[in-house]
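Survey of secondary and tertiary structure
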Amino acid sequence: MSQNTSGSTSSTSYSNAQNSSSTGGGNSENQVLTRGRLQDLVREVDPNEQLDEEVEELLLQIADDFIESTVNASCQLAKHRQATALDVTDVQMHLERQWNMWIPGFGTDELRPYKRAPVTEAHKQRMALIRKQMKKF
């Protein structure tokens, strides 16, 4: 991402991001996750684990596809808001809405409210039965 004059690194030209993400084609120079970094991540999880070459290729391809789709969708959001730069909030919005992912420490400093799961009627009935049984004792 490019650094602007205010010192933040939250935006980059989305046309450049789209162009660089679509020129992948298996070139290791364009990969965000390299084979060496993938092996380092595996060693962090389990030092004794070794991935087959086919598994490594598959994981690298999945990571590249995920990054490419995230960049493209984020660029579409930036384009929709008629911006000339991709902002970190565009990426956050895509990740949150499409993948239910939130990466803390980036974008806004606001606290995210905890979303309680809606209480179903069946749950209410079970809880009423439990309370009723507890009163007997």
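Residues numbered from 1 in each chain as written. Predicted model: local features only at pLDDT ≥ 70, side-chain atom pairs only at ≥ 80, totals over all residues. Heavy atoms only, no water.

Where an unreviewed UniProt entry is consulted, the protein appears under the name Transcription initiation factor TFIID subunit 12, with the organism given as Daphnia pulex. What UniProt records for the protein under Sequence similarities (unreviewed entry) is the sentence "Belongs to the TAF12 family." (UniProt positions renumbered as here; feature names shortened; annotations may be inferred.)

Let's talk about the side chain of glutamate 56
Position of glutamate 56 relative to the elements: it lies in helix α3 (residues 53-80). Owing to a relative accessible area of 7%, glutamate 56 belongs among the buried residues under this scheme. Setting aside its immediate chain neighbours within four residues, glutamate 56 contacts Arg35, Leu38, Gln39 and Leu51. (Helix = DSSP H or I, 4+ residues; strand = E, 2+ residues; numbered from the N terminus. Buried < 20%, exposed > 50% of the residue type's maximum accessible area, 1.4 Å probe, protein only. Contact = heavy atoms within 4.5 Å.)

Examining helix α4 (residues 88-99)
Here α4 is 12 residues long and its end C-alpha atoms lie 16 Å apart, about the 16 Å a rise of 1.5 Å per residue gives. Among the residues making up α4, those that are buried are Val88, Asp90, Gln92, His94 and Leu95. Those residues of α4 that are buried are in contact with α3 and β2 (85-87). Directly after α4, the chain includes asparagine 100, whose backbone phi takes a positive value near 55°. (Expected span 1.5 Å × (residues − 1).)

Observations regarding unusual backbone geometry
For glutamine 82, which is not a glycine, the phi torsion comes out positive at approximately 60°. Structurally, the position occupied by glutamine 82 is in the loop between α3 and β2.

Let's talk about the confidence of the model for the protein
Here the protein averages 79 in pLDDT, while 72% of its residues score no lower than 70. Per-element mean pLDDT across the protein ranges from 48 in helix α1 (residues 14-21) up to 95 in α3. Segment residues 1-11 is flagged for pLDDT under 50; beyond a separation of four residues in sequence, or across chains, it makes 17 contacts in the model. Confidence over residues 17-26 falls short of pLDDT 50; this stretch has 13 contacts with residues more than four positions distant or in other chains. (pLDDT = per-residue confidence, 0-100.)

Considerations on the packing of helix α2 (residues 35-45) against α3
Two elements in contact, α2 and α3, have axes whose closest approach is 11 Å; the angle formed by their N-to-C orientations is 105°. With respect to their mutual orientation, α2 and α3 come out roughly perpendicular. For the pair α2 and α3, the contacting residues are Arg35, Leu38 and Gln39 in the first and Glu53, Glu56, Glu57, Leu59 and Leu60 in the second. Its residues placed into classes, the contact of α2 with α3 shows three nonpolar, one polar and four charged. (Axes fitted to C-alpha atoms, helices over the stretch in contact; angles between N-to-C directions. Parallel < 35°, antiparallel > 145°, perpendicular 65-115°, else oblique. Nonpolar A, V, L, I, M, F, W, Y, C, P; charged D, E, K, R; others polar.)

Notes on the packing of aromatic side chains
Scanning the model with the defined rule gives one aromatic pair in all. Aromatic pair phenylalanine 66 and tryptophan 99: ring centres 5.3 Å apart, planes at 70°, arrangement edge-to-face. In this pair, phenylalanine 66 is assigned in helix α3 and tryptophan 99 in helix α4, connecting sequence segments 33 residues apart. Looking at phenylalanine 66, the relative accessible area reads 27%, which means it is partly exposed. Look at tryptophan 99 and you get partly exposed, because its relative accessible area is 44%. (Phe/Tyr/Trp six-rings, centres within 6.5 Å; stacked < 30°, edge-to-face > 60°.)

Describing the environment of phenylalanine 106
On the secondary structure map, phenylalanine 106 appears in the loop between α4 and α5 (121-136). Note: C-alpha distance between phenylalanine 106 and glutamine 92 (14 residues apart in sequence) is 8.3 Å. For phenylalanine 106, the residues in contact, after removing those within four places along its chain, are Val88 and Gln92.

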